[in-house]
Amino acid sequence: QLGWFEENKINEPNLAEYLDIVALGTVADVVPLDKNNRILVKEGLRRIRAGQCVKGITALLEASGREPTQIIASDLGFAIGPRLNAAGRLDDMSVGIECLLADSDTAYQLAHQLDSLNRDRREIETDMKMEALQALEQMQLSADSIFGLAMYDESWHQGVIGILASRIKDKIHRPVIIFAPGDDGEIKGSARSIKGIHIRDVLEAISTAHPGMIKKFGGHAMAAGMTIDAGNFEKFKHQFNEHVKIIANEEILENIILSDGELSREEYTLETVELLEQGGPWGQEFPEPVFSGSFKVVSQRVLKEKHYKLVISPENDSKLMLDGIAFNQLEGNEVLDSRMLPDKIDVVYKLSINNFRGQRNLQLMIDRIFA
C-alpha cells in the first residue's frame with residue numbers, strides 16, 4: 001500500500017489512513033486472516049468506528065446504508081469493497097482511489113457515484129448469472145462429467161466475469177472460468193477455484209502440455225486470470241476439465257459444510273452475537289462460526305423474486321420465534337422452485353444483528369436451506 005503512494009507521488013499517509021487501507025484490502029481481497037492480518041484489520045476497524053479514518057471510507061459506508069460506528073469486518077468486503085471495485089469493473093478505477101483520498105464534500109459525491117456504478121454492476125451481473133444458469137441446465141451438469149467448468153458468451157461484460165465465476169463456483173462446487181470478449185479475436189477469462197485445486201498450477205499444466213493455447217495467465221491458488229484466442233475456447237474448455245479431473249478426488253469435489261452445531265434457547269441473544277463479533281475479525285482461513293438445525297416455518301415471503309424473509313422456530317422449541325433472511329436462495333435452485341418452503345426445513349446460518357430504524361434485533365443469516 002505505501003509503495004502505491006510513493007509511485008503516484010502522493011504524500012505518505014498517516015497511521016490511521018494506512019490501517020484503513022490495509023484493513024480494507026485484506027478483507028476485500030480475501031487475503032488469509034493470519035495473526036498479523038487480524039491485528040491490522042482489527043485496528044483498522046477500531047479507528048473507523050471512532051471516526052479516525054479517511055472521509056472516503058465514511059462516505060462509502062453511509063452510501064451503502066452502514067453505520068460507521070457499528071462496522072464489522074464483513075462490511076469491508078460486502079459494502080465498501082464492491083463499490084470501490086465497481087469503478088474499475090465498469091468505468092475508471094481511479095474514481096475509487098480519488099474517493100479514498102478526497103476531502104469531505106468530494107468524498108461524498110464520489111461515494112454516491114461509486115454506489116450508482118455498483119448498482120449498474122449488479123444489474124449486469126444478474127443478467128449474466130441468469131444466462132449462465134440457463135446454460136448450466138442445458139449442459140445437464142453431473143459430477144461424473146464436469147470437474148472444471150469453462151463458459152463463454154460474446155455478450156458478457158469483462159468487468160463482471162470474476163464475480164460471475166465466484167457465484168457459479170459457489171453453486172456447483174467446481175473450479176470455474178468465465179470468459180468475455182477481449183481485443184483482436186482474444187477472449188479474457190477469470191477463474192475461481194475450490195479448496196484443494198490450485199487454479200494457477202492447473203493453468204500452468206495446460207500451458208506446458210499445449211504451448212500457445214494460453215497466451216498469458218497469472219494468479220494464485222484460488223483465483224486467476226488468462227487470455228486465449230477465441231478460436232481455442234472449445235479446446236481449452238476440454239483441457240481444463242481434463243486437467244482438473246486428474247487432481248480432483250471425491251473428497252475435494254464433495255461440498256462439505258462444517259457446522260458448529262445447534263444453539264440452545266439461551267444462546268439466541270444479542271449478547272451472543274456481540275461475543276462472536278469480539279472474537280473476530282473473521283475471514284479467509286479464520287471463518288466465522290456457522291450453526292445448523294431443524295426449524296419449523298412459521299411465516300415466509302419472497303423478496304425481489306430471489307430472497308426469503310422468514311420467521312422460524314426450532315423444531316424442539318415452538319415458542320421461540322426467530323427472524324431469518326436467506327439471500328439468493330431462489331436463483332437456479334430446483335428444490336425451491338415452487339417458491340413456497342415446506343413446514344419443516346434444515347438450515348445452516350450465522351447469527352447477526354439487524355439494525356433497523358434504531359432497533360437492534362437478532363436475525364439469522366441463512367446460508368443454506370435443505371427442504
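Here's what I pulled together on the structure shown here. (Residues numbered from 1 in each chain as written. Predicted model: local features only at pLDDT ≥ 70, side-chain atom pairs only at ≥ 80, totals over all residues. Heavy atoms only, no water.)

Another point: a negative patch on the surface. A cluster of acidic residues, Asp-120, Glu-123, Asp-127 and Glu-131, forms a negative patch on the protein surface. Within the secondary structure, Asp-120 sits in helix 7 (residues 104-139). (Patch = residues over 30% accessible without salt bridge, like charges linked within 9 Å, V, L, I, M, F, W, Y side chains within 5 Å. Areas by Shrake-Rupley, 256 points an atom, 1.4 Å probe, with all protein chains shown as cover. Salt bridge = Lys/Arg side-chain N within 4 Å of Asp/Glu carboxyl O. Lys, Arg positive; Asp, Glu negative; His and termini not counted. Charge placed at Lys NZ, Arg CZ, Asp CG, Glu CD. Helix = DSSP H or I, 4+ residues; strand = E, 2+ residues; numbered from the N terminus.)

To continue, consider the packing of helix 9 (residues 199-209) against helix 10 (residues 233-247). Relative orientation of the contacting elements helix 9 and helix 10 amounts to 120°, with a least axis distance of 10 Å. Classified by the angle their axes make, helix 9 and helix 10 are oblique. In this structure, helix 9 meets helix 10 at a crossing whose hand is right-handed. Facing helix 9, whose interface residues are Ile-199, Val-202, Leu-203, Ala-205, Ile-206 and Ala-209, helix 10 presents Phe-236, Gln-239, Phe-240, His-243, Val-244 and Ile-247. Of the residues assigned to the contact of helix 9 with helix 10, the class counts are 10 nonpolar, two polar and no charged. (Axes fitted to C-alpha atoms, helices over the stretch in contact; angles between N-to-C directions. Parallel < 35°, antiparallel > 145°, perpendicular 65-115°, else oblique. Left-handed = near helix turned anticlockwise from the far one by under 90°. Contact = heavy atoms within 4.5 Å. Nonpolar A, V, L, I, M, F, W, Y, C, P; charged D, E, K, R; others polar.)

Another aspect to go through is the pairing of strand 3 (residues 186-192). With six bridges connecting them, strand 2 (residues 176-181) and strand 3 associate as antiparallel partners. Counted as the bridge partner of Phe-179 is Gly-189 from strand 3. If you look at the hairpin formed by strand 2 and strand 3, you'll find four residues sitting between the two strands, and Asp-184 has a positive phi there, around 55°. (Pairing = 2+ DSSP bridges.)

Here the focus is the side chain of Lys-169. Along the chain, Lys-169 falls in helix 8 (residues 161-172). Overall, Lys-169 belongs to the buried group, its relative accessible area being 17%. When sequence neighbours within four positions are dropped, the list of residues in contact with Lys-169 reads Arg-174, Val-176, Arg-192, Ser-193 and Ile-194. (Buried < 20%, exposed > 50% of the residue type's maximum accessible area, 1.4 Å probe, protein only.)

Moving on, we come to the sheet that holds strand 3. The five strands lie next to each other as 1-2-3-5-4, forming an open sheet whose pairing is mixed. The sheet terminates laterally at strand 1 (149-152) and strand 4 (216-219), the two strands that pair on one side only. Averaged over all pairs of adjacent strands, the angle between strand axes in this sheet comes to 15°, irrespective of strand direction. Sheet topology places strand 1 next to strand 2; four bridges connect them, and they run parallel. Bridging from a neighbouring strand, Tyr-152 pairs with Phe-179 of strand 2. The strands that helix 9 touches are strand 2, strand 3, strand 4 and strand 5 (223-229); relative to strand 4, the one it contacts most, it runs at about 160°.

We now examine helix 10. Think of an α-helix as turning once every 3.6 residues; residues three or four places apart then point the same way. For helix 10, spanning 15 residues, the distance from its first C-alpha to its last is 21 Å, which sits close to the expected 21 Å at 1.5 Å a residue. When helix 10 is considered as a whole, its buried residues turn out to be Phe-233, Phe-236, Gln-239, Phe-240, Asn-241, His-243 and Val-244. Buried positions along helix 10 lie against strand 1, strand 2, strand 3, helix 9 and strand 5. (Expected span 1.5 Å × (residues − 1).)

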